[in-house]
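Take a look at the letters that make up each chain.
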Amino acid sequence: MMSSFVLWPGLGVLLFWSVGAYNRMVRLRSAARQAFAALDARLLEQLQLLQSCLPASMNASLLTQPGELLDDVALLWIGLRSAAAQLAASLAAARARPLDARAMAALAAARGVLDATWQRMQLTALDPAGAPLPETVQPQWEQGALHVRAAAEAFNQAVTHYNAAIAQFPALLLAWVFGFKAARPL
């Protein structure tokens with residue numbers, strides 16, 4: 001009889017703790033997904049800016065006759081367009097699973113490629129014979145990059161809090177039972 005006075009309240013405490021821990025993990029996972037949605041919007045804005053500065057006649061003018069070599073400026077434009085396409089594809093994959101480590105690694109790599117390609121384009125634009133970029137694009141790009149960095153930092157913090165919650169004992173047992181996986185920051 002005495003053991004039932006200890007057993008039932010103990011089971012009640014365990015049940016309420018489990019529900020609370022589960023709700024906390026769900027809430028933190030949701031916060032990380034919401035932070036990714038903000039990051040997604042900022043990256044889309046940057047891609048739209050990039051699309052607006054690509055030459056409208058890019059397909060026709062850069063693709064020459066078979067066997068004809070492209071000049072350096074044309075190669076830079078093609079590289080920038082390819083980097084943007086890679087980022088768009090990686091962003092679409094990450095949007096489907098924003099807490100998947102592989103999708104975030106691909107997105108981080110695509111961002112690095114686009115940033116490096118943009119830097120090369122900027123260096124070439126300084127050359128008088130280089131690629132012409134509208135004067136307003138660079139300040140807009142820098143402003144967009146600041147917004148992306150802020151959104152990425154918010155996402156990384158949300159992922160850090162989520163990962164910490166699913167790694168704490170005894171909540172990690174619930175995380176294992178319910179299939180909560182660690183996320184990768186950007």
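Residues numbered from 1 in each chain as written. Predicted model: local features only at pLDDT ≥ 70, side-chain atom pairs only at ≥ 80, totals over all residues. Heavy atoms only, no water.

Concerning the overall build of the protein
Then comes step 1: Scanning the protein for helices and strands turns up six helices and zero strands.
Then comes step 2: For the protein, the sequential pattern of α-helices and β-strands runs α-α-α-α-α-α.
Then comes step 3: Buried residues in the protein amount to 36% of all 186 residues.
Then comes step 4: If you take every contact in the protein between residues at least 6 apart in sequence, the share linking residues at least 24 apart comes to 74%.
Then comes step 5: Of the roughly 11200 Å² of accessible surface on the protein, a fraction of 63% belongs to carbon and sulfur atoms. (Helix = DSSP H or I, 4+ residues; strand = E, 2+ residues; numbered from the N terminus. Buried < 20%, exposed > 50% of the residue type's maximum accessible area, 1.4 Å probe, protein only. Contact = heavy atoms within 4.5 Å. Areas by Shrake-Rupley, 256 points an atom, 1.4 Å probe, with all protein chains shown as cover.)

A short note on the confidence of the model for the protein
Then comes step 1: Of all residues in the protein, 85% have pLDDT values of 70 or greater, and the mean over the chain is 84.
Then comes step 2: Per-element mean pLDDT across the protein ranges from 48 in helix 2 (residues 58–62) up to 94 in helix 5 (residues 137–167). (pLDDT = per-residue confidence, 0-100.)

Some words on the packing of aromatic side chains
Then comes step 1: Enumeration over the complete set of coordinates arrives at five aromatic pairs.
Then comes step 2: Both rings, one in W118 and one in W141, keep their centres 4.2 Å apart while their planes meet at 15°; by these two values the pair is stacked. Taken together, the positions of W118 in helix 4 (residues 101–126) and W141 in helix 5 put the pair 23 residues apart, joining distant regions of the chain.
Then comes step 3: In this structure W118 comes out as buried when scored by relative accessible area, which is 1%.
Then comes step 4: These aromatic residues form a ring-pair network of at least three members: Y22, Y162, F178 and F180. (Phe/Tyr/Trp six-rings, centres within 6.5 Å; stacked < 30°, edge-to-face > 60°.)

Considering the pattern of salt bridges
Then comes step 1: Tallied over the entire structure, the rule returns two salt bridges.
Then comes step 2: Residues R95 and D40 are paired through a salt bridge, measuring 2.7 Å at the closest nitrogen-oxygen approach. Taken as a pair, R95 in helix 3 (residues 72–96) and D40 in helix 1 (residues 2–53) lie far apart in primary sequence, 55 residues in all.
Then comes step 3: By relative accessible area, which is 38% here, R95 ends up partly exposed.
Then comes step 4: Here D40 falls in the buried class, since its relative accessible area comes to 10%.
Then comes step 5: Note that E45 and R42 form a salt bridge whose closest N and O atoms lie 3.1 Å from each other. In this pair, E45 and R42 are both assigned in helix 1, three residues apart and thus about one turn of the helix distant.
Then comes step 6: For R42, a relative accessible area of 30% gives the class partly exposed. (Salt bridge = Lys/Arg side-chain N within 4 Å of Asp/Glu carboxyl O.)

Some points on the nonpolar core
The nonpolar side chains of soluble globular proteins are, as a tendency, buried together.
Then comes step 1: Ranked by internal contacts, the top residues of the largest apolar core, which has 46 residues, are F36, L39, L50, L80, L107 and F155.
Then comes step 2: Broken down by secondary-structure element, the contributors of at least two residues to this core are helix 1, helix 3, helix 4, helix 5 and helix 6 (171–178).
Then comes step 3: Take this core: its biggest share by element is twelve residues, from helix 1.
Then comes step 4: Beyond its immediate stretch of four places on either side in the chain, L39 contacts V148, A151, A152, F155 and L186. (Core = buried A, V, L, I, M, F, W, Y, C linked by side-chain atoms within 4.5 Å.)

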